[in-house]
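These are the residues of each chain, in order.
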Amino acid sequence: MADQALIDEVQAMVGREYGRVYAWDRVNAPMIRHWCEIMGIDNPLYTNPEFARQQGYADVVAPPGMLQVWGMGGLDQENFPEGSSTENNFEVLKVIEPHGYPAVVAVNSDLYFDRQIVAGERLYFTSRLDSVSEEKTTPLGTGFFVTVLMTYFSQQDAGDEEVGRQLFRVFKFKPAQRPQEKPAAKPAEAKAMKRPLPGVSDDTRFFWEGCEAGKLLIQRCTDCQTLRHPPAPVCIKCHSFDWDSIEASGKGQLYSFVVMHYPEVPPFDYPNPIGLIELDEGVRLIAGLVGADPATLEIGQRVQVEFHRFDDQQNLPQFRVVAA
């Protein structure tokens, strides 16, 4: 149980406001292009000035998801332009930590956009400590959810204009007991644990029925032939509601991957490598990697789908690294 004096101190900080943090650079085309290349985005509104002007903008537009990027300080997080506030908008974490809460993990970030941001604008943000939760216990440990609200502005001759907001939440906690220190699950209990079943809707049913038949099916727009995954009711390119599916070859490459270590959740095996697979057909999907030593995984490796049945209730596509 947290000390009441600590709770009173951190709750008294809620609502505290912090000064301006200026962007190093104006919104600019090179950074937008790099972002789009990394994210695999090819919207001409972001990269083609002539197209952007035809849509009524003075220059290319920055993808909304870049909002946070313009206010980052670089590798040295304290390195901001002259005039920026030197206050730490997460200073409450330093208050909590000496009371036995050494660990911190980012939880989520919610972005809100008021309008498009155009190349040439100069941004800054201000911060406010939005909330500190009561003490919570999670699989990671026990601690406090801390939320900071950052409000972004564009500097204008006629007066600065608010362009968006970001709620950024972290968990400041004392780690839970490691799994190996806990009593082992009884064999009967472990055997009874099953993989959770996927949610099935009218849009995704074809995919799971394909898996049951050992086929990797990808949704296709019948109007413009665009492939899409995850399945959706409307084409992302031409907005048609008409679609069918094709059977993918199951061949592709490892576009990215993570290796899950902790917390260990039955009945999955750990370490648990998960891949973002780019199929040869051009779409990407997330799936487990089998037969792979996590230490040898590399982006770009060739992979091939395999179907594996679990608990006699679902047949799932997983991928194995194969020779190039």
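Residues numbered from 1 in each chain as written. Predicted model: local features only at pLDDT ≥ 70, side-chain atom pairs only at ≥ 80, totals over all residues. Heavy atoms only, no water.

### With respect to the side chain of Q219
Point 1. Relative to the helices and strands, Q219 resides in strand β9 (residues 217–221).
Point 2. Overall, the relative accessible area of 0% leaves Q219 in the buried class.
Point 3. Of the polar contacts made by the side chain of Q219, one reaches the side chain of R228; its length is 2.8 Å.
Point 4. Among the polar contacts listed, one links the side chain of Q219 to the backbone nitrogen of A232, at a separation of 2.8 Å.
Point 5. Residues contacting Q219, with those up to four places away along its chain left out, are D203, F206, T226, L227, R228, P231, A232, W243, D244 and S245. (Helix = DSSP H or I, 4+ residues; strand = E, 2+ residues; numbered from the N terminus. Buried < 20%, exposed > 50% of the residue type's maximum accessible area, 1.4 Å probe, protein only. Polar contact = N/O pair within 3.5 Å; in protein donor to acceptor, adjacent residues only side chain to side chain. Contact = heavy atoms within 4.5 Å.)

### Considering the packing of aromatic side chains
Point 1. Per the stated rule, a full pass over the model turns up nine aromatic pairs.
Point 2. One aromatic cluster is present, formed by Y22, Y124 and F153 through successive ring pairs.
Point 3. Over the ring of Y101 we find K174; its NZ or CZ atom is 4.6 Å from the centre of that ring.
Point 4. When the ring centre of F310 is taken as origin, the NZ or CZ atom of R195, which lies over that ring, is 3.9 Å away. (Phe/Tyr/Trp six-rings, centres within 6.5 Å; stacked < 30°, edge-to-face > 60°. Lys NZ or Arg CZ within 6 Å of the ring centre and 35° of its normal.)

### Here we look at the side chain of R195
Point 1. With respect to the secondary-structure elements, R195 resides in the loop between α6 (187–192) and α7 (205–212).
Point 2. Buried R195, no salt bridge; nearest opposite-charge side chain is D311, N-O distance 5.8 Å.
Point 3. Filtering out sequence-adjacent residues up to four positions away, R195 remains in contact with P267, F268, F310, D311, Q313, Q314, L316 and Q318. (Lys, Arg positive; Asp, Glu negative; His and termini not counted. Salt bridge = Lys/Arg side-chain N within 4 Å of Asp/Glu carboxyl O.)

### Digging into the environment of V60
Point 1. Mapped onto the elements, V60 comes out in the loop between α4 (49–54) and β2 (61–62).
Point 2. Here V60 falls in the buried class, since its relative accessible area comes to 2%.
Point 3. The spatial distance from the C-alpha of V60 to the C-alpha of V27 is 9.6 Å, given a sequence separation of 33 residues.
Point 4. With residues up to four places along the chain from it excluded, the contact list for V60 reads A29, I32, L45, Y46, T47, N48, P49, A52, I117, V118 and A119.

### What about the sheet that holds strand β16 (residues 314–321)?
Point 1. Read around the closed barrel, the five strands follow the order β12-β13-β14-β16-β15; overall the barrel is mixed. In this sheet, adjacent strand axes meet at a mean angle of 50° when their direction is disregarded.
Point 2. Sheet topology places strand β13 (residues 272–279) next to strand β14 (residues 284–290); five bridges connect them, and they run antiparallel. Directly across from L276, in β14, lies its bridge partner I286.
Point 3. Contacting β15 (302–310) and β16, α7 runs over the sheet at an angle of about 75° to β16. (Pairing = 2+ DSSP bridges. Axes fitted to C-alpha atoms, helices over the stretch in contact; angles between N-to-C directions.)

### Here's the deal with the sheet that holds β9
Point 1. Pairing is antiparallel across the open sheet formed by three strands, whose spatial order is β10-β9-β11. Looking along the sheet, the strands with just one partner apiece sit at the ends: β10 (227–228) and β11 (243–247).
Point 2. Pairing geometry for β9 and β10, over two bridges, is antiparallel. Opposite R220, over in β10, you have L227 as the bridge partner.

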